[in-house]
Amino acid sequence: MLKQLKRLSLSLLLPLMAALTLSFAMPSMANESAAAKSAEKEMTQLAGADIWREVRAGQEGYTTSQWPEHGVLISTAGETWFVLKEKWMSPLGALAIFGSLVMVTLAYFVVGPLKLSKPKTGRKIKRWSRMDRALHWSMAFSFLTLAFSGLCLVYGKHFLKPILPSEIWGMIIYAAKQYHNYMGPIFFILLMCVLLKWWRKSIFNKTDIQWFMKMGGMVGKHKGSHPSAGFSNGGEKAIYWLLIVFGIVVAFSGFVLDFPMFGQLRRDMELSNLVHMLSALILICGFIFHIYIGLFGMEAGLDGMVTGDVDETWAKEHHDLWYHEVKDLPENQPQDKKVD
Ligand code: HEM
């Protein structure tokens, strides 16, 4: 009897307790699901089309950062920069570089290199000092390596990325960026040395007009006519000032990008990026012609920049006015020749 009573009380008590527990739990569960629903709604609204439309339109939001423009998640003017850089400047730049390479190749095969008209005499004329040569080759090294790393940053994703394992590509592009950042200021210092050392002999004069009118004696009916020139001819002066002007522009726009801690806004960075790229492309194309003439386009032209001396025949034919100025200097007399 006692056992039966116990069983009955248990069978009544258990559902009662369950009912009580549920009745206490129900409101909190209901609250939780309401909270979850409202959070979900909030999330949906946050990621909703309206919000994103505003973000995409450049709408400023709220942030605790005090830096200008930090509240703007998407910069609409940045889209214009992106289009100008990726859709215009990058392909046109590639075309310009390719075009310059095609032109020097044609110049070599169609016009042919500029040969000396008379045989070399063997008498050496001092042209470039050890300091000049060190400056030239350091400048050439910094310029060429900056050009390669810069081109890798712009075009690498089209040509290298697809063919390299991603770790290798990552290492290359990281190294290119770091190298470019640190070599840029060194290029600028060398450029200033080139400006201080060679500006005087690079000032244009009347002789250069004649030189340009005869196209440097390099093409067409003027080929081999050897127009008069002083230490530098019109073409060398032009390439020198191209280097100075666009070199300064490329260096300053590079500094704006290299040191973004002087309050530059995104607009300033975008503009600097476009100016930097355009001036670098102009320099690269210009120096394709300079390098072509130095290496292949002119017989005996490279000797001066390698050894410091040029042959008398080369001096007479390409820089006659300078030759007459310096031919009687003691350093240019065969017996006084000393190694520099
Ligand atoms: C392989 C690459 C290069 C070669 C073979 C080369 C060759 C030469 C040669 C032979 C000269 C002397 C011309 C003369 O005696 O009249 C010269 C001058 C010069 N080079 Fe280069 N060069 C190269 C790269 C560069 C680069 C990359 C730059 C600058 C970014 C540069 C800037 C200059 C300047 C400013 C002069 C002096 C022009 C003058 O006033 O006469 N060169 N180069």
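Keep in mind it's a predicted model, so treat the numbers as computed, not measured. (Residues numbered from 1 in each chain as written. Predicted model: local features only at pLDDT ≥ 70, side-chain atom pairs only at ≥ 80, totals over all residues. Heavy atoms only, no water.)

## Let's talk about helix α7 (residues 234-258)
Right, so step 1: Over its 25 residues, α7 runs 35 Å from end to end, which matches the ideal 36 Å to within 8%, given 1.5 Å per residue.
Right, so step 2: All buried positions along α7 are accounted for by G234, K237, I239, Y240, L243, I244, G247, V250, A251, S253 and G254.
Right, so step 3: Residues of α7 that are buried in the fold lie against α4 (130-159), α5 (166-198), α6 (206-213) and α8 (266-297). (Helix = DSSP H or I, 4+ residues; strand = E, 2+ residues; numbered from the N terminus. Expected span 1.5 Å × (residues − 1). Buried < 20%, exposed > 50% of the residue type's maximum accessible area, 1.4 Å probe, protein only. Contact = heavy atoms within 4.5 Å.)

## A closer look at the nonpolar core
Nonpolar side chains in soluble globular proteins generally cluster together in the buried interior.
Right, so step 1: Within the largest apolar cluster, 44 residues are counted, with the highest numbers of intra-cluster contacts made by I125, M139, F187, V194, L243 and W322.
Right, so step 2: At the level of elements, α3 (76-111), α4, α5, α7, α8, α10 (312-318) and α11 (320-326) are the ones that each hand at least two residues to this core.
Right, so step 3: The greatest single-element share of this core, amounting to 9 residues, is contributed by α8.
Right, so step 4: Residues contacting W322, with those up to four places away along its chain left out, are I125, K126, R127, A229, G230, F231, V310 and A315. (Core = buried A, V, L, I, M, F, W, Y, C linked by side-chain atoms within 4.5 Å.)

## Some points on the UniProt feature "transmembrane region" (unreviewed entry) in the chain
Right, so step 1: According to UniProt, the positions carrying the feature "transmembrane region" (unreviewed entry) are residues 92-114, 135-156, 179-199, 238-262 and 274-295.
Right, so step 2: With 100% helix and 0% strand, residues 274-295 has end C-alpha atoms that lie 31 Å from one another. (UniProt positions renumbered as here; feature names shortened; annotations may be inferred.)

## Details of the coordination of the iron atom of the ligand
Right, so step 1: Here the iron atom of the ligand is held by the protein donor atoms H136 (NE2) and H290 (NE2), which lie 2.0 Å from it.
Right, so step 2: One can describe the donor arrangement at the iron atom of the ligand as octahedral, given that its 6 donor atoms subtend angles of 87 to 178° at the metal. Here H136 is found in helix α4, whereas its partner H290 is found in helix α8, with 154 residues between them in sequence.
Right, so step 3: Note on H136: relative accessible area 16%, which makes it buried. (Donors = N, O, S within 2.8 Å, 3.2 Å for Na, K, Ca; no water. Tetrahedral: all angles 85-135°; square planar, octahedral: opposite > 155°, others 65-115°.)

## Considering the packing of aromatic side chains
Right, so step 1: Taken as a whole and judged by the stated rule, the model has 14 aromatic pairs.
Right, so step 2: Residues F231 and W322 carry aromatic rings whose centres are separated by 5.5 Å and whose planes lie at 85° to one another, so their mutual orientation is edge-to-face. You can see F231 sitting in the loop between α6 and α7 and its partner W322 sitting in helix α11, a full 91 residues away along the chain.
Right, so step 3: Put simply, the rings of W128, W198, F231 and W322 touch in pairs and so form one group of aromatic residues.
Right, so step 4: Above the ring of F231, the side-chain terminus of R127 is found at 4.0 Å from the ring centroid. (Phe/Tyr/Trp six-rings, centres within 6.5 Å; stacked < 30°, edge-to-face > 60°. Lys NZ or Arg CZ within 6 Å of the ring centre and 35° of its normal.)

## Let's talk about the packing of α7 against α8
Right, so step 1: Direction vectors running N to C along α7 and α8 enclose 150°, while the axes themselves pass 8 Å from each other. Regarding the angle of α7 to α8, the classification is roughly antiparallel. Once α7 is placed against α8, the crossing between them reads as left-handed.
Right, so step 2: The class makeup of the residues in the contact of α7 with α8 is 14 nonpolar, 9 polar and 1 charged. (Axes fitted to C-alpha atoms, helices over the stretch in contact; angles between N-to-C directions. Parallel < 35°, antiparallel > 145°, perpendicular 65-115°, else oblique. Left-handed = near helix turned anticlockwise from the far one by under 90°. Nonpolar A, V, L, I, M, F, W, Y, C, P; charged D, E, K, R; others polar.)

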